[in-house]
Amino acid sequence: MVESGKFSFEQANEAVSYLRSSLPEALQTPQVAIVCGSGLGGLADTVQTELRAEYDYSSIPHFPRPTVAGHAGKLVFGFLGQRIPAVLMVGRAHYYEGHSIDRVTFPIRVFKQLGVDTVVCEYYYIGILQGPKDQDNEHIFLAGLAGNHPLRGPNEEEFGTRFPPLSDAYDIELRRRVHQAWKEVISSQSTRKLHEGVYAFVGGPTYETRAESRMLRMLGADVVGMSTVPEIVVARHCGLRVLAFSLVTNNAVLAPVPRGDENTLQDKDAGELNAILEEGKAEHEEVLEAGRRAALDMQGLVVQTLVKEFSQS
């Protein structure tokens, strides 16, 4: 049996060798990797067309394939903005699809071996648990604390140290660039606001119960989602800089439902009772539509942030 740490390193190098065998020389060492949720999937259409390469995940050795609607499943290499060499991961695999947490994070290892310096992660299946506090930029990784962790097993010394710290997980210089770019890209009349807060990772694919949402709020979470954190953990283990975006699309339901013997329920018919349970419930299509409406703003913000950062390098 091959040790998992060494095997993962070899797999990443196999994927990189395959990609570089046909990539144009100018695209072989991208500076930035962008892990696109559906909110950033349209960024692939902005990649400059004169030098561009695309690979379906199914063609890349060991690469995980997504099954969720709206996740295309391709790597796009090219230039963003003012000639920033980038690789875009258009669609991602999720833990709840049945992939191991190691396989979900495998693309980050590939990006490290490609020479990427900065990873931008985006996801938007999340609900507000409480007003963002605007002082933290952190995450809560309950699965990881319980042992379902992408770094579990033999440490891959080729990538990073055995015990990586995460108190500095979210790059403060990149976050400063985001706030600068926001003022330039987003209209002052926009109802959207830019906050920083605490993101809680959950396994999914179900949205949270009311009790679970209240528990996460008590733990300090502002938003909750089904991906991103495992990738961030692996990126930091690899020494990559991380910038993460969460596009909030719906509010979590916190209010408890009435007891079955409550007097106010006794005269209601089945439709009225069902309406009480339905109030505020997250619907997948509703979440997707909210993401589509904000996607262009999100794409412009990411590009402007990267332009500001890499024009200074």
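For the protein chain, an unreviewed UniProt entry supplies the name Purine nucleoside phosphorylase and the organism Penicillium decumbens. Its UniProt record gives the protein chain a comment under Pathway (unreviewed entry), which states: "Purine metabolism; purine nucleoside salvage." Regarding the protein chain, the relevant UniProt record gives this comment under Function (unreviewed entry): "The purine nucleoside phosphorylases catalyze the phosphorolytic breakdown of the N-glycosidic bond in the beta-(deoxy)ribonucleoside molecules, with the formation of the corresponding free purine bases and pentose-1-phosphate."

1. Some points on the overall build of the protein chain
Tallying secondary structure elements over the protein chain gives nine helices and 11 strands in all. A total of 313 residues make up the protein chain; the buried ones form 49% of that total. Pairs at least 24 residues apart make up 81% of the contacts formed inside the protein chain by residues separated by at least 6 positions. For the protein chain, the accessible surface area stands at approximately 14,900 Å², while carbon and sulfur atoms represent 51% of it.

2. What to know about a nonpolar patch on the surface
A cluster of nonpolar residues, Leu142, Leu145, Met215, Met218 and Leu219, forms a patch on the protein surface that exposes about 540 Å² of accessible area. Contributions of two or more residues to the nonpolar patch are made by α4 (142–145) and α6 (210–219). With three residues, α6 is the single largest residue contributor to the nonpolar patch. Its place among the elements puts Leu145 in helix α4.

3. Regarding the nonpolar core
Nonpolar side chains tend to gather and get buried jointly when the protein is soluble and globular. Of all hydrophobic cores here, the largest spans 44 residues; its most connected members are Leu19, Leu75, Phe77, Val110, Phe111 and Val119. Among residues more than four places away in sequence, those in contact with Leu19 are Tyr55, Ile60, Leu75, Phe77, Val110 and Leu114. Residues Val32, Leu88, Val302 and Val307 belong to the second largest nonpolar core, which totals 30 residues.

4. Re α6
Every buried residue of α6 is accounted for by Arg210, Ser213 and Leu216. Relative to the axis of α6, the buried residues are bounded by an arc of 125 degrees and lie together on one face. The inward-facing, buried residues of α6 abut α4, β8 (198–201), β9 (223–225) and α8 (270–278).

Scoring rules and cut-offs
- Numbering of residues begins from 1 in every chain and follows the order in which that chain's sequence is written.
- Given that the model is predicted, a residue must reach a pLDDT of at least 70 before its local features are reported, and side-chain atom pairs must reach 80 or more before they are shown or counted; all residues, however, enter totals for whole chains, interfaces and linings.
- Calculation of side-chain values draws on the structure's entire complement of heavy atoms; hydrogens and water are dropped beforehand.
- UniProt positions are given in the numbering used here, feature names are shortened, and annotations may be inferred rather than shown by experiment.
- Where helices and strands are cited, they refer to DSSP runs of H or I of at least four residues and of E of at least two residues respectively, numbered from the N terminus.
- Only protein chains enter the accessibility calculation, which uses a 1.4 Å probe. A residue is then buried if its area is under 20% of the maximum for its type, exposed if over 50%, and partly exposed in between.
- Note on definitions: a residue-residue contact is assigned when non-hydrogen atoms from the two residues lie within 4.5 Å.
- Per-residue and other accessible areas follow the Shrake-Rupley method at a 1.4 Å probe size, with only the shown protein chains counted as cover for residues.
- Grouping into patches uses exposed residues only, defined as over 30% relative accessible area, and leaves out salt-bridged ones; the cut-off is 9 Å for like charges and 5 Å for nonpolar side chains (Val, Leu, Ile, Met, Phe, Trp, Tyr).
- Salt bridges are counted wherever a side-chain nitrogen of Lys or Arg sits within 4 Å of a carboxyl oxygen of Asp or Glu.
- Only buried residues count toward a nonpolar core. Its members are Ala, Val, Leu, Ile, Met, Phe, Trp, Tyr and Cys residues joined through side-chain atoms within 4.5 Å.
- Read the arc as the range of directions from the helix axis to the C-beta atoms.

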